[in-house]
Amino acid sequence: MTIATKKRNTFLIIVLTGFLTGTLDALAAIIWAHKVPPAVIFDYIASGVFGKAAYTGGAPMLLWGILFHYIIACSFTIVFYLGYPTAYKISQNKYVTGLIYGMVTWIIMNLFVVPLSKIGFKPFLHVWPVVIGIGILILCVGMPVAIIADWQRRKRSR
């Protein structure tokens, strides 16, 4: 297998993993907020860029929200996947690494990304939504990326 083929395969694995994590996270959000139409969830994401206009923008805002959601999910996937070899040196347990990365993802999103967007900082009034949010990111982002990155690490070391 050539270096170019290996790079293409790695790129494809990262992109597919990003779509997997984005889809799992979106499904978890839709299930968690089952009383809210899914379009409102994606309008909320779009409001990070477009402000309150996202809630009256119809289908285009829904599509922007979906696009932004997948860009964010893929970005976290790329960073974690590429950083996994270093994380593996620290903790050789992929589940511990996935758990920590899910928590780090929540911290970055809720203490930096969302507050710096047009949504702004929202105080955390109740513990349960925070715990659920962290759990979702652990299960839907941290664990899948850790498992897939570790599978690829083991495959390369053979």
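Throughout what follows, the structure given in this document is the object of discussion. (Residues numbered from 1 in each chain as written. Predicted model: local features only at pLDDT ≥ 70, side-chain atom pairs only at ≥ 80, totals over all residues. Heavy atoms only, no water.)

**As for the side chain of Thr-21**
To be explicit about the condition: For the purposes of this entry, the term helix denotes a DSSP run of H or I that reaches at least four residues, the term strand denotes a run of E that reaches at least two, and both are numbered from the N terminus. For each residue, the accessible area found with a 1.4 Å probe, counting protein chains only, is set against the maximum for its type, and the residue is called buried under 20%, exposed over 50%, and partly exposed in between.
One can find Thr-21 in helix H1 (residues 3–32). Looking at Thr-21, the relative accessible area reads 0%, which means it is buried.

**Description of the environment of Val-36**
Within the secondary structure, Val-36 sits in the loop between H1 and helix H2 (38–50). When its relative accessible area of 33% is taken as the criterion, Val-36 is described as partly exposed. On a C-alpha basis, the gap between Val-36 and Ile-134 in space is 20 Å, while along the polypeptide they are 98 residues apart.

**Topic: helix H4 (residues 94–116)**
Quick note on the threshold: Multiply 1.5 Å by the residue count of a helix minus one, and that product is the helix's expected span. To get the bend at any residue, fit one axis to the seven residues that end at it and another to the seven that begin at it, then take the angle between the two axes. In what follows, residue pairs with any heavy atoms lying within 4.5 Å of each other are defined as contacts.
Over its 23 residues, H4 extends 31 Å from the first C-alpha to the last, a length consistent with the 33 Å expected when each residue adds 1.5 Å. Taking the largest bend as the criterion, H4 deviates by roughly 35 degrees, centred on Met-109. Residues of H4 that are buried: Lys-94, Thr-97, Gly-98, Tyr-101, Gly-102, Thr-105, Trp-106, Met-109 and Val-114. Where H4 is buried, its residues meet H2, helix H3 (59–90) and helix H5 (127–157).

**With respect to the packing of H1 against H2**
Operational definition: What counts as an axis is a line fitted to C-alpha atoms, over the stretch in contact for a helix, and the angles between N-to-C directions run from 0 to 180 degrees. Geometric relationships in this document are graded by angle, where less than 35 degrees denotes roughly parallel, more than 145 denotes roughly antiparallel, 65 to 115 denotes roughly perpendicular, and other angles denote oblique. Two helices cross in a left-handed way if the nearer one is turned anticlockwise from the farther one by less than a right angle. They cross in a right-handed way if the turn is clockwise. When residue character is reported, Ala, Val, Leu, Ile, Met, Phe, Trp, Tyr, Cys and Pro are called nonpolar, Asp, Glu, Lys and Arg charged, and the others, Gly included, polar.
Viewed as axis vectors pointing N to C, H1 and H2 meet at an angle of 120 degrees, and their least axial separation amounts to 9 Å. When the axes of H1 and H2 are compared, the pair comes out oblique. Like other packed secondary-structure pairs, H1 and H2 cross with a definite hand, here right-handed. Seen from H1, the contacting residues are Ala-26, Ala-29 and Ile-30; seen from H2, they are Pro-38, Ile-41 and Phe-42. The residue makeup of the contact of H1 with H2, split by class, is six nonpolar, no polar and no charged.

**Digging into the pattern of salt bridges**
Defined as follows: Salt bridges are defined by distance alone: a side-chain nitrogen of Lys or Arg within 4 Å of a carboxyl oxygen of Asp or Glu.
If you walk through the whole model with that rule in mind, you get three salt bridges. The salt bridge partner of Asp-150 is Lys-94, with a shortest N-O separation of 3.8 Å. With Asp-150 in helix H5 and Lys-94 in helix H4, this residue pair connects regions lying 56 residues apart in the sequence. Owing to a relative accessible area of 5%, Asp-150 belongs among the buried residues under this scheme. Two residues, Asp-150 and Arg-154, come together in a salt bridge whose shortest N-O distance is 3.0 Å. Here the residue Asp-150 and the residue Arg-154 both occupy positions in helix H5, the gap between them amounting to four residues, near one helical turn. On the accessibility criterion, Arg-154 (33% relative accessible area) is partly exposed. Connected through shared salt-bridge partners, Lys-94, Asp-150, Arg-153 and Arg-154 make up one network.

**Section: the packing of aromatic side chains**
Each aromatic ring pair is specified by the distance between its two centres and by the angle formed by the two planes. The line we're drawing: Each aromatic pair joins two rings of Phe, Tyr and Trp (for Trp, the six-membered one) with centres within 6.5 Å, and gets the label stacked for planes under 30 degrees apart, edge-to-face for over 60, and tilted for any other angle. Two limits define a charge over a ring: the Lys NZ or Arg CZ must be within 6 Å of the ring centre, and within 35 degrees of the ring normal.
Within this structure, the stated rule accounts for nine aromatic pairs. Taken together, a centroid distance of 6.1 Å and an interplanar angle of 25 degrees make the contact between Phe-50 and Phe-68 stacked. Here Phe-50, found in helix H2, pairs with Phe-68, found in helix H3; they are 18 residues apart in sequence, far enough to count as distant. For Phe-50, a relative accessible area of 29% corresponds to the partly exposed category. For Phe-68, a relative accessible area of 16% corresponds to the buried category. Their ring planes at 75 degrees and their centres at 6.0 Å tell us that Phe-80 and Tyr-84 sit as a pair that is edge-to-face. One end of the pair, Phe-80, and the other, Tyr-84, are both in helix H3, four residues apart, so they sit about a helical turn from each other. Relative accessible area serves as the criterion here: at 5%, Phe-80 is assigned to the buried category. Grouping aromatic residues by their ring pairs yields a cluster made of Phe-80, Tyr-84, Tyr-88 and Tyr-101. The ring of Tyr-88 is capped by Arg-153, whose NZ or CZ atom sits 3.7 Å from the centre of that ring.

So far we have only geometry, and geometry alone does not tell us how the molecule works.
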